[in-house]
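An overview of the molecular structure
Spelled out, the chains give:
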Amino acid sequence: MPRMLDVSDEVRAEIGDEEAARLLAGESAPGSYDCTSCRTPGDSAQERTSTVLFIGDETAVLAFAHATCLPSQVVQVTEEQLQGAVRAIGGTGAEPQQQYRSPQPQQPPLQQQQYEAVQQSPHEPQQQSAAKPVPEQAVLGVTSGLVLLQGELHPALVVEPTAPVARPGSLGSGDDFLPLLIEQGFMPLTELAGVPPVLHGWSVLLAAGQLHAVLQPSPSGGRPVAWWQAHQPLQVTDGWRAAANKHQQVLMFAAPVGSIGRQPREDLLRDALDKAAANGKLVASALPLAGI
């Protein structure tokens, strides 16, 4: 039976015209599936369904989502993320997603070090003199929570480094975390009065209902690469995931070290965001949702 599948040109270029035709004819597409974004059942014979191709180092997985949840697209992920998502999907009893050999080598992901506080020259020797301490290297702390804006709950990620972040190649001791993000398109906030504008090219990757990465455009113009990547997938609440699927985007707030802190409750997190904004130490953007 023919399927109501959306196969984007990008996905078709990766899997080939022959496989795309088999999918559309229903020869290789599942009838029922668990949506890779909202994790609720779908039926490609009854409702529009998007094909989402995730490409790792060695394999690629073709997943399916409600067209109202995700558009058909190609997303680059690490092999570890890909296999972890496949295991998670298999553990739910859902119909397995289709796996392929990766058709081309993966572009190396952009690691966290781009915005970490590595404050030495690239040409400086690796060995440091005992009299010259090595600067602390920042790690990006990420907290998920719901933020109330204009009477509606929105899924949010709050990013705060553990140390000042110097501009890559800089020998200075200043903190360039916010200026670097503003150069990428994030908007400075003085108050949380409304939803920040969408930052096109960036996205938040949910895999098997867990938070895996924040993706940014590739410097070379290829597929998106990881700006931040979880060492282990982060669990999010059902309410957070439901809000993300409703809005199809996640609000990312970022502040320099010491501005937010670890907050045990969402009301305290909101208070910290309000204070950071009032002090001119907060930037934000809305990032579209991606998922597997």
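Structure's up top.
Below is a summary of the structure that appears in this document.

**A short note on the packing of aromatic side chains**
Considering all chains together, one arrives at 3 aromatic pairs under this definition. Consider the rings of Tyr 33 and Phe 64, whose centres lie 6.2 Å apart with planes at 45°: the pair is tilted. Of this pair, Tyr 33 sits in strand 2 (residues 32-34) while Phe 64 sits in strand 5 (residues 59-66); the two residues are 31 residues apart in sequence, bridging distant segments of the chain. Ring geometry for Phe 186 versus Trp 202: centroids 5.1 Å apart, planes at 90°, classification edge-to-face. Placement of Phe 186 in the loop between helix 4 (177-184) and strand 10 (187-188) and of Trp 202 in the loop between strand 10 and strand 11 (203-207) is noted, with a sequence separation of 16 residues between them. Judged by relative accessible area, which is 3%, Trp 202 ranks as buried. Each member of the aromatic cluster is reached from another via a ring pair, and the members are Phe 186, Trp 202 and Trp 227.

**So, helix 5 (residues 238-247)**
Along an α-helix, residues three or four positions apart point the same way, because every turn accommodates 3.6 residues. Restricting attention to buried positions, one finds in helix 5 the residues Trp 240, Arg 241, Ala 243, Ala 244, Asn 245 and His 247. Positive phi appears at Gln 248, one or two residues downstream of helix 5, with a value of about 60°.

**Considering the pattern of salt bridges**
Using the criterion set out here, one finds 9 salt bridges in the structure. A salt bridge links Arg 22 to Glu 27; the shortest N-O distance between them is 3.7 Å. For Arg 22, a relative accessible area of 32% gives the class partly exposed. Residue Glu 27 is classed as exposed on the basis of its relative accessible area, which comes to 58%. Between Asp 274 and Arg 270 there is a salt bridge, with the nearest N and O atoms lying 3.1 Å from each other. Of this pair, Asp 274 and Arg 270 are both found in helix 6 (residues 266-278), 4 residues apart, which corresponds to roughly one turn of the helix. Ionic contacts of the salt-bridge type, sharing partners, join the residues Glu 19, Arg 22 and Glu 27 into one network.

**Side note on the side chain of His 66**
Mapping His 66 onto the fold places it in strand 5. A polar side-chain atom of His 66 sits 3.0 Å from the main-chain carbonyl oxygen of Pro 41.

**As for the environment of Arg 39**
Position of Arg 39 among the secondary structure elements: in the loop between strand 2 and strand 3 (41-43). Since its relative accessible area comes to 21%, Arg 39 is described here as partly exposed. Through-space distance from the C-alpha of Arg 39 to that of Ala 65 is 8.6 Å; in sequence the pair is 26 residues apart.

**A short note on the pairing of strand 14 (residues 249-254)**
The element strand 14 is largely enclosed, with a buried count of 6 among its 6 residues. Burial along strand 14 is two-sided: the residues Gln 249, Leu 251 and Phe 253 and Val 250, Met 252 and Ala 254 are all buried. Of the strand pairs in this sheet, strand 9 (residues 152-161) and strand 14 are connected by 4 bridges, and their pairing is parallel. Along strand 14, the bridge assignment pairs Val 159 with Ala 254.

Parameters and conventions
Residues numbered from 1 in each chain as written. Predicted model: local features only at pLDDT ≥ 70, side-chain atom pairs only at ≥ 80, totals over all residues. Heavy atoms only, no water. Phe/Tyr/Trp six-rings, centres within 6.5 Å; stacked < 30°, edge-to-face > 60°. Helix = DSSP H or I, 4+ residues; strand = E, 2+ residues; numbered from the N terminus. Buried < 20%, exposed > 50% of the residue type's maximum accessible area, 1.4 Å probe, protein only. Salt bridge = Lys/Arg side-chain N within 4 Å of Asp/Glu carboxyl O. Polar contact = N/O pair within 3.5 Å; in protein donor to acceptor, adjacent residues only side chain to side chain. Pairing = 2+ DSSP bridges.

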